[in-house]
Amino acid sequence: MITLGIETSCDETAAAVLRDASVLSNIVSSQVKLHEKYGGVVPELASREHLKNIMPVVREALSHASVSLKDIELIAVTYAPGLIGALLVGVSIAKALAYARDIPFIGVHHGEGHILAARLAYPDIGYPYVALLVSGGHTALYHVMEFGSYRILGQTRDDAAGEAYDKVAKLLDLPYPGGPVIDRLAAEGNPEAIKFPRGQREGLDFSFSGLKTAARNHIALFRSRDAGLDPKLNIRDVAASFQAAVVDSLVDKTIQAAVETGSKKIVVAGGVAANSSLRQQMKKKADENSITLYLPGMDLCIDNAAMIALTGYLHYQRGDRSSLDLNPRASASL
Ligand code: KG4
Ligand code: ZN
């Protein structure tokens, strides 16, 4: 079965083609450059950019996969959660293509896509596993019992981890998105220079707002209205200490979740999975606890349409179909 997947929930316009559960193409057009100067995603600009890019991206996905629109047998699209105007672009295109070709159409929950993405890289992973989804929009732990059965074990009570990275980067006058920049600077700083709080101690929920406030207060000591940031502020130490606090909390809770559920497998997904320290620490702690860590390549961790196509295909196999009346939703639980 040939599936076309479409993803436009935030600032990536993406399309992918799968033959059954194998990726034939996975194209992502990022809008980072467009939103950079605003220090975050501007919803209206994101929608317009999706509209401009969606058909070229779909055509590129078809051409990389060496198929034509006539070969597509199923269309899967992210319908929730996300920016409503952005989602609307993908959902409208997907409906139009499905209607014109008279083929089935399936709306996919973006979070379910992330949770299942690792299956493209590791088809034999099996079930159950614990999935940590950590990006600019999400920070949550799921117990994935089998396809379609996801128990939320913990989630952030305030900011997503990636959002905290982006905000702290902004406080340090660093460019958007902040994650990769802080990651790079942190490698040259002392993670113990500043004692930042670790957030939620009990249970499996996360919290990053206390950490963000502590970072803001620390940076404020070195900022004056006239002179801006004092060069005496060691931004490498701030980056390293902030990153250590985020990574400690993500790793500790994920390992705790695996131990509590008796899971021997952990999957990490989302843009923050690119973080070098998170990858190292998670691997170290997983090894110490005899847990296998599945870290798919970045192309499957960031927002992409291959994960949406796979999720749609698995739903289709189970007999699920969406009606063409399906509307996008800004929020929806899994
Ligand atoms: O999954 P993603 O591309 O989009 C969604 O938010 O859904 O994730 C983007 C987030 C941004 O907040 C970005 O700062 C963060 O992932 N990020 C990182 C790194 N690379 C990207 N955070 C920490 N370290 C990184 N190396
Ligand atoms: Zn995402």
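Per chain, residue numbering runs from 1 following the sequence as it is written. Here the convention is simple: chains get letters from A, ligands get numbers from 1, in the order in which they are written. Two thresholds apply to this predicted model, a pLDDT of at least 70 for residue-level local features and 80 or more for giving and counting side-chain atom pairs, whereas whole-chain, interface and lining totals are computed over all residues. As a convention, hydrogens and water are excluded, and side-chain values are obtained from all of the structure's heavy atoms.

Engineer: With reference to specific residues and values, describe the pairing of strand β1 (residues 2-7).
Structural biologist: Accessible area is worked out with a 1.4 Å probe on protein chains only. A residue is then buried under 20% of its type maximum, exposed over 50%, and partly exposed in between. Helix numbers and strand numbers start at the N terminus; a helix is a DSSP run of H or I with at least 4 residues, a strand a run of E with at least 2. Taking burial as the measure, the 6 residues of β1 include 6 buried ones, the bulk of the element. Burial along β1 is two-sided: Ile-2, Leu-4 and Ile-6 and Thr-3, Gly-5 and Glu-7, pointing in opposite directions, are all buried. Pairing analysis gives 6 bridges linking β1 to strand β2 (residues 12-19), with the strands arranged antiparallel. Among the inter-strand pairings, Thr-3 is bridged to a residue of β2, identified as Leu-18. Think of it this way: DSSP has to see at least two bridges between two strands before they count as a pair. Hairpin remark: β1 followed by β2, antiparallel, with 4 residues in the connecting loop. The pairing of β1 with strand β4 (residues 74-80) spans 4 bridges and is parallel. By the bridge assignment for β4, Ile-6 is matched with Val-77.

Engineer: I'd like a rundown of the coordination of the zinc ion (ligand 2), residues and numbers included.
Structural biologist: Protein coordination of the zinc ion (ligand 2) is provided by His-110 (NE2), His-114 (NE2) and Asp-303 (OD), with donor distances spanning 2.1 to 2.2 Å. Its 4 donor atoms give the zinc ion (ligand 2) angles of 83 to 138 degrees at the centre, a pattern that matches the irregular case. Expressed as a motif, the donor residue spacing for the zinc ion (ligand 2) is H-x3-H-x188-D. One end of the pair, His-110, and the other, His-114, are both in helix α4 (residues 110-121), 4 residues apart, so they sit about a helical turn from each other. Per residue, the accessibility class of His-110 equals that of His-114, and both read buried. Sites may look incomplete because water is not among the atoms; the donors themselves are N, O and S atoms within 2.8 Å of the metal, or within 3.2 Å for Na, K and Ca. Square planar and octahedral sites, with four and six donors, are those where opposite donors lie more than 155 degrees apart and all other angles lie between 65 and 115, tetrahedral sites have four donors with every angle between 85 and 135 degrees, and the rest are irregular.

Engineer: Any details on the sheet that holds β1? Residues and values, ideally.
Structural biologist: With respect to topology, 5 strands assemble into an open sheet ordered β3-β2-β1-β4-β5, the strand pairing being mixed. Of all strands in the sheet, those bounded by a partner on one side alone are β3 (22-30) and β5 (105-109). Across the sheet, the axes of successive neighbouring strands diverge by a mean angle of 20 degrees, strand direction being ignored. Inspection of the sheet shows β4 paired to β5 by 5 bridges, in the parallel sense. The residue bridging Val-77 from the neighbouring strand is Gly-107, located in β5. Should any heavy atoms of two residues lie within 4.5 Å, those residues are counted as being in contact. Each axis is a line fitted through C-alpha atoms, taken for helices only over the stretch in contact, and angles between the N-to-C directions span 0 to 180 degrees. Lying over the sheet, helix α2 (residues 43-64) contacts β1, β2 and β3, oriented at roughly 25 degrees with respect to β2. Its contacts with the sheet put helix α11 (residues 306-317) on β1, β2, β3, β4 and β5, and the angle it makes with β4 is roughly 110 degrees.

Engineer: An account of the packing of helix α5 (residues 161-171) against helix α6 (residues 178-186) is requested, with residue identities and associated values reported.
Structural biologist: Two quantities define a packed helix pair, namely the angle between the axes and the distance from one axis to the other. Two elements in contact, α5 and α6, have axes whose closest approach is 8 Å; the angle formed by their N-to-C orientations is 70 degrees. Between α5 and α6, the angle is such that the two are roughly perpendicular. Residue-level inspection shows Tyr-165, Asp-166, Val-168 and Ala-169 of α5 in contact with α6, the latter providing Gly-178, Gly-179 and Ile-182. For the contact of α5 with α6, the residue count by class is 4 nonpolar, 2 polar and 1 charged. Just so you know how the angles are binned, under 35 degrees is roughly parallel, over 145 roughly antiparallel, 65 to 115 roughly perpendicular, and the rest oblique. Each residue is assigned to one of three groups, with Ala, Val, Leu, Ile, Met, Phe, Trp, Tyr, Cys and Pro labelled nonpolar, Asp, Glu, Lys and Arg labelled charged, and all others, Gly among them, labelled polar.

Engineer: Pulling in residues and values, what's your account of the nonpolar core?
Structural biologist: The biggest cluster of nonpolar side chains holds 48 residues, and the ones touching the most others in it are Phe-242, Leu-250, Val-268 and Leu-278. Top element by residues in this core is helix α8 (residues 235-261). It accounts for 12 residues. Take the buried Ala, Val, Leu, Ile, Met, Phe, Trp, Tyr and Cys residues and link them wherever side-chain atoms come within 4.5 Å; each set so joined is a nonpolar core. In this structure, Ala-14, Ala-131, Ala-269 and Ala-306 belong to the second largest nonpolar core, which totals 33 residues.

Engineer: Lay out helix α3 (residues 84-101) in plain terms, naming residues and giving numbers.
Structural biologist: An ideal rise of 1.5 Å per residue puts 26 Å on 18 residues; α3 measures up with 26 Å between its terminal C-alpha atoms. If you check which residues of α3 are buried, you get Ala-86, Leu-87, Val-89, Gly-90, Val-91, Ile-93, Ala-94, Lys-95, Leu-97 and Ala-98. Packing partners of the buried residues in α3 comprise β1, α2, β4 and β5. Phi turns positive, to about 55 degrees, at Asp-102, one or two residues after α3. What a helix should span is 1.5 Å times the count of its residues minus one.

Engineer: Provide a residue-level description of the site of ligand 1, including the pertinent values.
Structural biologist: A cutoff of 4 Å decides nearness: a residue is near a molecule or strand if any of its heavy atoms lies inside that distance of it. Taken together, 19 residues surround ligand 1, and among them Gly-136, Asp-166, Asp-183, Gly-271 and Asn-275 come closest. Any N or O atom pair separated by 3.5 Å or less is treated as a polar contact, with the protein-specific requirement of one donor-capable and one acceptor-capable atom, and with residues adjacent in sequence counted only for side-chain atom pairs. Between ligand 1 and Gly-137, the relevant distance is 3.3 Å, taken from an oxygen atom to a main-chain nitrogen or oxygen of the residue. Between Asp-183 and ligand 1, the recorded distance is 3.0 Å, taken from a side-chain N or O atom to a nitrogen atom. What sets the accessible areas is the Shrake-Rupley method with a 1.4 Å probe; for residues, cover comes only from the shown protein chains. Within the complex, the protein chains bury 88% of what would otherwise be the 550 Å² of accessible surface of ligand 1. At the level of secondary structure, the elements contributing two or more residues to the shell around ligand 1 comprise α5 and α6. The residue makeup of the shell around ligand 1, split by class, is 6 nonpolar, 9 polar and 4 charged.

Engineer: Tell me about the packing of aromatic side chains, and name the residues and values.
Structural biologist: Only rings of Phe, Tyr and Trp enter the pairing, Trp through its six-membered ring, and a pair is recorded when the two centres are within 6.5 Å. The plane angle decides the type: under 30 degrees is stacked, over 60 is edge-to-face, the rest tilted. Per the counting criterion, the structure on display carries 4 aromatic pairs. Geometrically, the ring pair formed by Tyr-122 and Tyr-294 is edge-to-face, given 5.0 Å between the ring centres and 75 degrees between the ring planes. Taken together, the residues span a long stretch of sequence, with Tyr-122 in the loop between α4 and β6 (129-134) and Tyr-294 in strand β12 (residues 292-294) at a distance of 172 residues. Look at Tyr-122 and you get partly exposed, because its relative accessible area is 29%. Consider the rings of Tyr-165 and Phe-242, whose centres lie 5.0 Å apart with planes at 80 degrees: the pair is edge-to-face. Of the two residues, Tyr-165 sits in helix α5 while Phe-242 sits in helix α8, which places them 77 residues apart along the sequence. Residue classification places Tyr-165 among the buried positions, given a relative accessible area of 2%. Stacked on the ring of Tyr-127, the Lys or Arg Arg-119 has its end atom at 3.9 Å from the ring centre. Whether a charge lies above a ring is judged from NZ of Lys or CZ of Arg, which has to be within 6 Å of the ring centre and within 35 degrees of the ring normal.

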